[in-house]
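Residues per chain, in single letters:
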Amino acid sequence: MASLGSFLLLAAFVIASGAFAASFAGARRRHNALILGGLGLFHVVTAIMLVASAIMVHAFVTGDFTIRYVQHYSNSAQPLFYKLASYWGGLDGSIMFWVTLLSAFGSVAVHVNRERYRLLVPWVVATIAVVEMFFLFLMVIHNNPFSTFLATIHADGEGLNPLLQNYYMAIHPPMLYIGFVGMTIPFAFGIAALASGQLDDSWLRAVRRWTMVPWLFLTVGLTLGAMWAYEELGWGGYWGWDPVENAGLLPWFTATAFLHSVMVQERRGMLKVWNISLVIVTFFLTIFGTFMTRSGVVQSVHAFGEDRELALMFTAFMIFTLAVSFGLVIYRMPLLRSRNELDSWASREAAFLANNWVLLFAAFFVLFATMFPTLSEAIRGERLTVAGPFFNKWMTPVGFVLLFLTGVGPLLAWRKSSIANMQTQFMWPALAALAVGGGMVALGVPLWASGVCFALCAWVTTTVLQEFIRGAFVRKSATGTDVLTAFIGLFTRSRRRYAGYIVHLGIVLIFLGFAGEGLNGKLQEEVGLKPGQNVVVGPYQVLFNALKVTQDPQKQMITADVTVTREGQPFARMYPARWYFVGREGEPTTEVALRRGFAHDLHLVLANFEVGSQEVHLQITINPLVNWVWFGVSVMVLGTIIALLPERAFAFATAPVPSSSVPTALILVIALALGGARVAAQHVDQPQTVILVPKTQLEKDLQGHLVCMCGGCGRKKIGECTCPMAADMRKELAGHVAGGRSRDEIVQLFIKKWGSQEVLTEPIDRGFNRLAWLLPYGVGLGGIVLVGGVAMRWSRRRGNGTTPEAPAAVAAPSALQDRLDDELRELD
Amino acid sequence: MSTRTSRAILSVLIVGTALGALLFTTMAESAAYYKEVHEVMPSPEQWYGKNMNLHGFVVDGSIEKRPNSLDYRFKVKNGDHTVTATYTGTVPDTFKDGAEVVLTGTLEPGGFQVKRNGVTAKCPSRYDPDQKAASARPVSY
């Protein structure tokens with residue numbers, strides 16, 4: 001299997017080269033057969049990558065420890081979920097995962113746009129194929145994930161790092177990768193537009209959508225990383241300005257800038273060079289981020305080690321990318337002339353321009369500070385470093401300017417705002433900001449940075465609310481419906497604008513969370529406690545009861561039993577712990593005990609312990625307003641999804657969406673979001689709960705076989721989880737046992753009730769396990785069918801030279817109609 | 001070149017210079033040296049009192065902890081040189097014998113004083129091309 005995998009990677013490289021050559025030649029010579037051939041080869045690369053991934057997944061699931069990569073990052077005891085996550089657990093596999101995602105993303109993008117942007121597609125294919133070739137080349141030459149041991153035989157693997165055996169960490173990299181990979185698509189369209197000279201604004205429309213999707217994934221990926229740091233690393237914070245974190249943030253800044261400035265080009269035909277440059281820079285930064293974190297150029301706690309060869313290859317590729325891209329921009333300069341000039345600084349386009357500069361400065365600053373150690377070493381021969389506080393010092397004002405502009409942009413008119421117009425627009429937001437700012441001073445909140453932040457949050461919120469209210473009333477009088485219908489109607493009419501406002505509200509909430517950092521309520525203390533001793537931190541009294549040592553097959557757990565009272569009232573029983581995984585005793589994991597709240601989180605870490613004397617050291621942190629960051633991100637996600645919803649962002653939704661379905665979809669999304677929130681909120685640690693001793697062996701057995709479904713406890717067994725949900729499930733189980741049902745019957749009842757085998761600690765041996773084993777075969781088979789299908793279609797087209805023209809002729813009017821439809825919908 | 005463009009370029013230049021100057025002055029305050037143990041220890045006097053990130057490896061068996069406290073004393077070495085470091089506070093999970101560490105703090109005549117939260121042990125991340133992963137690459141013949 002391993003040699004088949006290696007062969008497939010080589011084949012993918014060869015075919016990707018073929019796709020590039022055919023598309024490039026076809027595009028230049030306007031040769032239809034070549035173009036179609038290139039397109040076919042491009043899809044074949046996707047199919048091959050899917051098959052290769054299936055082989056890799058299969059190797060992980062079956063535990064093929066002859067493959068070095070599998071041996072190093074997995075072992076047989078790991079739960080299935082983490083076996084799958086091990087695929088992207090290391091460098092070689094993550095590059096392969098990267099290429100798989102890129103080819104899949106590229107195939108979908110090309111397929112969706114193949115008729116609307118007929119002239120661009122071959123260039124898009126050629127560009128993506130070059131990027132694929134680079135990463136495939138890396139794998140074939142340097143980091144083959146399928147390389148096997150030559151002599152030694154390993155019975156078992158080393159296992160995934162315990163720190164990474166965390167729910168967030170398993171899904172955080174794929175999210176981030178999708179975000180990174182997705183940025184290749186807009187880049188490819190940009191290059192295609194430059195190369196073909198089709199630089200009217202139509203390419204922008206394709207690019208805008210394909211920027212929004214990866215932007216969304218990037219946002220989610222960054223947030224998941226922050227949540228992981230907060231809950232698993234135990235230093236009490238969520239963002240440490242680590243180079244790896246920064247690498248993800250850089251393209252986020254430039255992509256955000258692009259999503260704003262693209263509107264100026266659509267509306268006013270300005271900033272053409274700027275926009276295309278932003279697309280190029282965003283792509284460049286995704287590659288640069290990968291380079292920075294994988295090649296050891298920047299020292300990071302994430303430890304990548306130095307790899308000169310890899311660094312060289314990346315450098316060569318980056319120089320090539322920049323040279324070709326900006327070479328094309330200069331070559332096409334005559335076509336990139338602005339249609340208009342800036343009429344006034346009091347205009348929306350000026351606000352967007354300012355926002356772009358600030359975002360770009362933020363990206364530049366983060367890049368500079370991250371690279372500072374490397375730069376200083378290169379220039380002065382002396383390695384100098386800067387740390388978190390330096391970033392915070394600079395990024396705080398930058399963030400404030402951005403937040404301020406968030407409130408300004410929507411209020412200014414395009415072209416030029418009159419003084420009278422500005423007075424009516426700015427009155428309420430300014431009053432709200434002043435009122436909140438004054439309130440902050442009166443309450444004694446530190447003005448810098450929290451007070452200013454709160455005032456600016458009020459400023460933006462009022463702006464957004466004012467836009468919503470005015471819009472709804474205008475629409476009400478125009479359509480004669482009630483306000484609520486008119487409000488929802490706003491989203492059908494100009495969903496992008498109003499969805500954008502929702503994203504802005506999310507940003508406000510995130511900034512509320514940031515403001516918490518500067519509040520007086522933020523406390524961090526480290527204390528040593530003996531059993532029975534207590535300490536007062538802020539409003540809490542923390543009493544240490546006892547230290548427990550427990551064990552399960554995977555790990556040994558050292559748990560501190562802590563009772564927290566707040567102003568004399570019992571508040572919580574908390575269990576900060578450290579876990580020592582078998583075979584990885586040197587790397588214990590910190591299990592943070594966390595009580596979330598709207599006002600603040602109480603964050604307990606078991607810093608140190610002595611089993612003999614029962615003494616522990618606790619790190620007690622009170623983090624004000626942190627949860628608003630997570631909440632704000634979910635609002636942003638919601639807003640972005642609304643913006644994407646009715647657009648044909650994905651291939652298959654080509655049928656026209658009836659406008660009435662938009663509110664329905666909106667309500668569905670909101671219901672889903674709220675539903676999710678409800679489930680997650682159900683897990684409440686109630687360690688006071690007495691877990692009754694099971695009456696029968698069957699009951700005891702099943703208590704260890706069923707997991708708590710509250711969604712917040714990380715799938716604890718119901719015999720161990722202390723939340724009310726688990727208590728209910730135990731009661732239900734006891735009822736079934738008392739009723740004389742058999743083990744299988746009870747298991748079936750639970751599966752029926754919860755709708756899936758998710759309720760079981762491990763899937764039933766018969767059904768699901770086989771499915772899990774079948775899955776890779778299924779995916780592989782699907783890939784083969786796909787290869788066959790593409791090959792057949794392709795050969796058929798070749799056999800009959802006239803057919804490609806026929807569907808295109810039919811499709812053209814509908815494509816035109818689609819565009820007309822879009823244009824009309826964009827007018828707001 | 002129109003006056004408009006030259007004005008724009010001029011203002012960008014002025015703002016850019018101002019920001020750049022600000023960046024460099026604040027950087028000078030916040031920057032710290034990044035040094036290896038063997039770079040510093042041959043002539044420690046010249047480094048006394050300077051902000052520094054010290055990179056090295058924890059000497060096996062050298063970690064001592066005062067009972068009932070969070071006071072640590074350990075030795076860090078790189079090459080042939082060793083320095084004693086003192087620290088009070090929480091150490092990361094990855095801090096142990098032989099760990100690769102970066103210590104933030106100042107060198108004093110009595111040893112290296114680590115600042116609060118100044119111990120960073122290399123996180124054995126999923127990308128760790130340590131010896132094992134390095135050998136996982138095909139050997140060239």
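Residues numbered from 1 in each chain as written. Chains lettered and ligands numbered in written order. Predicted model: local features only at pLDDT ≥ 70, side-chain atom pairs only at ≥ 80, totals over all residues. Heavy atoms only, no water.

**Quick word on the overall build of chain A**
Link 1 in the chain: Secondary structure assignment for chain A yields 25 helices and eleven strands.
Link 2 in the chain: Looking at chain A as a whole, 56% of its 828 residues qualify as buried.
Link 3 in the chain: The contacts of chain A with a sequence gap of at least 6 include a subset with a gap of at least 24, amounting to 71%. (Helix = DSSP H or I, 4+ residues; strand = E, 2+ residues; numbered from the N terminus. Buried < 20%, exposed > 50% of the residue type's maximum accessible area, 1.4 Å probe, protein only. Contact = heavy atoms within 4.5 Å.)

**Examining the overall build of chain B**
Link 1 in the chain: From N to C terminus, chain B includes three helices and seven strands.
Link 2 in the chain: Starting at the N terminus and ending at the C terminus, chain B contains elements arranged as α-β-α-β-β-β-β-β-β-α.
Link 3 in the chain: Going through the 141 residues of chain B one by one, you find that 40% of them count as buried.
Link 4 in the chain: At a minimum sequence separation of 6, the contacts of chain B that also span at least 24 residues come to 48%.
Link 5 in the chain: Taken as a whole, chain B presents about 7700 Å² of accessible surface, with 57% of it coming from carbon and sulfur. (Areas by Shrake-Rupley, 256 points an atom, 1.4 Å probe, with all protein chains shown as cover.)

**Details of the packing of aromatic side chains**
All names here are of chain A.
Link 1 in the chain: Across all of its chains, the model carries 54 aromatic pairs over all chains by this definition.
Link 2 in the chain: Aromatic side chains F60 and Y69 sit 5.9 Å apart centroid to centroid with 75° between the ring planes, which places their arrangement in the edge-to-face category. Each member of the pair, F60 as well as Y69, carries the same accessibility label: buried.
Link 3 in the chain: The interplanar angle of 25° and the centroid separation of 6.5 Å between the aromatic rings of F361 and F365 together place this pair among those described as stacked. Here F361 pairs with F365, and both are found in helix α13 (residues 348–380), just four residues apart, close to one helical turn. As far as burial versus exposure is concerned, F361 and F365 are alike and both buried.
Link 4 in the chain: Seen from the ring of W579, K555 lies directly overhead, with NZ or CZ sitting 4.6 Å from the centre.
Link 5 in the chain: Positioned over the ring face of F571 is R595, at 5.0 Å from the centre of the ring. (Phe/Tyr/Trp six-rings, centres within 6.5 Å; stacked < 30°, edge-to-face > 60°. Lys NZ or Arg CZ within 6 Å of the ring centre and 35° of its normal.)

**As for the nonpolar core**
Link 1 in the chain: By size, the foremost hydrophobic cluster in this structure holds 200 residues, and its most contacted members are M49(A), M96(A), F135(A), F253(A) and F365(A).
Link 2 in the chain: Core analysis: the second largest hydrophobic core is formed by 24 residues, V535(A), L547(A), A572(A) and F609(A) among them. (Core = buried A, V, L, I, M, F, W, Y, C linked by side-chain atoms within 4.5 Å.)

**Some details on helix α9 (residues 202–233) of chain A**
Link 1 in the chain: Its 32 residues place the ends of α9(A) 46 Å apart at the C-alpha level, agreeing with the 46 Å of an ideal helix rising 1.5 Å per residue.
Link 2 in the chain: Here α9(A) lies mainly inside the structure; 28 of its 32 residues are buried. (Expected span 1.5 Å × (residues − 1).)

**Digging into the pattern of salt bridges**
All names here are of chain A.
Link 1 in the chain: Under the definition given, this model contains twelve salt bridges over all chains.
Link 2 in the chain: The partner of R208 in a salt bridge is E266, with the nearest N and O atoms 3.0 Å apart. On the criterion of sequence distance, the pair formed by R208 in helix α9 and E266 in helix α10 (residues 243–268) is long-range, its members being 58 residues apart.
Link 3 in the chain: Given the relative accessible area of 1%, R208 is considered buried. (Salt bridge = Lys/Arg side-chain N within 4 Å of Asp/Glu carboxyl O.)

**Some points on the domain arrangement of chain B**
Link 1 in the chain: When its domains are assigned, chain B resolves into domain 1 (1–28) and domain 2 (32–127).
Link 2 in the chain: Taking only C-alpha atoms, the centre of domain 1 of chain B and the centre of domain 2 of chain B are 41 Å apart. (Domains from an automatic or database assignment.)

**Digging into the confidence of the model for chain A**
Residues and elements named next belong to chain A.
Link 1 in the chain: Across chain A, the average pLDDT comes to 80, with 83% of residues at 70 or higher.
Link 2 in the chain: Per-element averaging of pLDDT across chain A places helix α20 (residues 661–681) at the bottom with 45 and helix α2 (residues 32–62) at the top with 94.
Link 3 in the chain: Scored below 50 in pLDDT, residues 647–664 makes 23 contacts in the model with residues more than four places away or belonging to other chains.
Link 4 in the chain: Under a pLDDT of 50 for its full length, residues 797–812 has, in the predicted model, six contacts with residues more than four places off or in other chains. (pLDDT = per-residue confidence, 0-100.)

**Focus on the sheet that holds strand β9 (residues 593–595) of chain A**
All names here are of chain A.
Link 1 in the chain: The strand order across the open sheet built from four strands is β2-β11-β10-β9, with neighbouring strands paired in antiparallel fashion. On the outer flanks of this sheet lie β2 (523–529) and β9, each paired with one strand and no other. Strand after strand, the sheet turns through a mean of 15° between neighbouring axes, direction not considered. (Pairing = 2+ DSSP bridges. Axes fitted to C-alpha atoms, helices over the stretch in contact; angles between N-to-C directions.)

**As for the side chain of S344(A)**
All names here are of chain A.
Link 1 in the chain: Its place among the elements puts S344 in the loop between α12 (308–331) and α13.
Link 2 in the chain: Since its relative accessible area comes to 10%, S344 is described here as buried.
Link 3 in the chain: There is a polar contact of 2.8 Å between the side chain of S344 and the backbone nitrogen of A346.
Link 4 in the chain: In contact with S344, not counting residues within four places along its chain, are A350, R415 and K416. (Polar contact = N/O pair within 3.5 Å; in protein donor to acceptor, adjacent residues only side chain to side chain.)

**Some remarks on helix α1 (residues 2–29) of chain A**
All names here are of chain A.
Link 1 in the chain: The terminal C-alpha atoms of α1 lie 40 Å apart, and with 28 residues this matches the ideal 40 Å at 1.5 Å per residue to within 8%.
Link 2 in the chain: The elements touched by buried residues of α1 are α2, α5 (91–113) and α6 (121–141).
Link 3 in the chain: Within two residues after α1, R30 carries a phi angle of roughly 50°, on the positive side.

**Some words on the packing of helix α7 (residues 167–182) of chain A against α9(A)**
Residue and element names in this part refer to chain A.
Link 1 in the chain: The contact between α7 and α9 brings their axes to 7 Å, and the two run at 150°. When the axes of α7 and α9 are compared, the pair comes out roughly antiparallel. Crossing handedness for the pair α7 and α9: left-handed. Contact residues: α7 offers Y168, M169, I171, H172, M175, L176, I178, G179, F180 and G182, while α9 offers W210, P214, F217, L218, V220, G221, L222, L224, G225, M227, W228 and E231.
Link 2 in the chain: When the residues that make up the contact of α7 with α9 are grouped by side-chain class, the tally is 16 nonpolar, five polar and one charged. (Parallel < 35°, antiparallel > 145°, perpendicular 65-115°, else oblique. Left-handed = near helix turned anticlockwise from the far one by under 90°. Nonpolar A, V, L, I, M, F, W, Y, C, P; charged D, E, K, R; others polar.)

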